[in-house]
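Per-entry structural report
This is what each chain is made of:
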Amino acid sequence: MLRNSKSGYGLIAILFHWSMALLMFGVFGLGLYMHELPQFEERTFALYQLHKSFGFTVLALVVLRLMWRLANPAPRLPGAMPMWEKAAAHGAHLALYVLMFAIPLSGWLMVSASPWGIPTVLFDAIPVPHLPVPGLLGTKEAAEGLMKNVHALLAWGMIILAAFHAAAAIKHHLIARDDTLRRMISPRPSRA
Ligand code: HEM
């Protein structure tokens, strides 16, 4: 992914990073929790709507974040980092971007395929249309079932990848003692 020679991240990049991390873990936890609740109850329905509302917030934020990232390339990785580790870091960052799009989109496709046709109304205010569901996914039931599995699989994939990503940052901080983690906490001086 695009990198530049600046030594740190700006405030906007840091805010995107931590707010989206928090939001995605929250939406993930809510997804697991609501899935276990008795269906057809008002409270369950409200939690599903909340999950969808914050899920769409993730989708909106990642669009803005990607545009910001393309206009403001990230700083270089530490020079002392071995090539394999740089390649792994770039690959993980790219995969996390893909997942930030793919998880909400798979959820959207799942509810669009549902034979129940339940409307999605974000924060009780903004109605969201259903997506057209490709015929190759089969019947509505089959498409919904498939997207349910894809959605859960991608969400777990994101959690596993985020765990490696965090472990790598902590390793840099405690063992290599470089500024990889620090620069995602305090913004570089002057420009955002
Ligand atoms: C960051 C975004 C999102 C994350 C991390 C996420 C994560 C999850 C997780 C972990 C589950 C539980 C899966 C299981 O245990 O089977 C789930 C379920 C669900 N998600 Fe999401 N989700 C996101 C966005 C969305 C969006 C945008 C929608 C719809 C527009 C959506 C609709 C659903 C629905 C309907 C279920 C329940 C599936 C069922 O009842 O089996 N999700 N989600």
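How each quantity is defined
- Residues numbered from 1 in each chain as written.
- Predicted model: local features only at pLDDT ≥ 70, side-chain atom pairs only at ≥ 80, totals over all residues.
- Heavy atoms only, no water.
- Helix = DSSP H or I, 4+ residues; strand = E, 2+ residues; numbered from the N terminus.
- Buried < 20%, exposed > 50% of the residue type's maximum accessible area, 1.4 Å probe, protein only.
- Contact = heavy atoms within 4.5 Å.
- Areas by Shrake-Rupley, 256 points an atom, 1.4 Å probe, with all protein chains shown as cover.
- Lys, Arg positive; Asp, Glu negative; His and termini not counted.
- Charge placed at Lys NZ, Arg CZ, Asp CG, Glu CD.
- Expected span 1.5 Å × (residues − 1).

1. What to know about the overall build of the chain
Across its full length, the chain carries four helices and four strands. Of the regular secondary structure in the chain, the N- to C-terminal order runs β-α-α-β-α-β-β-α. Taken along its principal axes, the extent of the C-alpha atoms in the chain is 55 × 35 × 30 Å. Going through the 192 residues of the chain one by one, you find that 40% of them count as buried. Expressed as a percentage of contacts within the chain between residues at least 6 apart in sequence, the contacts between residues at least 24 apart total 76%. Here the chain displays about 11,400 Å² of accessible surface, and carbon together with sulfur accounts for 74% of that area. Taken together, the 16 basic and 9 acidic charged side chains of the chain have centroids lying 18 Å from each other.

2. Comments concerning the side chain of Glu 85
With respect to the helices and strands, Glu 85 occurs in helix 3 (residues 83–113). With residues near it in sequence (within four places) discarded, Glu 85 still touches Lys 171 and His 172.

3. Notes on unusual backbone geometry
Trans peptide bonds make up the majority, and among non-glycine residues the majority have a negative phi. Here the phi dihedral of Phe 123 falls at roughly 45 degrees; this positive angle occurs in a residue that is not glycine. Secondary-structure assignment places Phe 123 in the loop between strand 3 (120–122) and strand 4 (126–128). On the basis of relative accessible area, Phe 123 is assigned to the partly exposed category, the value being 43%. At Arg 177, a position not held by glycine, the phi torsion is positive, near 55 degrees. Within the fold, Arg 177 resides in the segment after helix 4 (140–176). The class of Arg 177 is exposed, set by a relative accessible area of 65%.

4. Concerning helix 1 (residues 11–35)
Look at helix 1: 36 Å from first C-alpha to last across 25 residues, which is about the 36 Å you get at 1.5 Å a residue. Close packing links the buried residues of helix 1 with helix 2 (42–71), helix 3 and helix 4.

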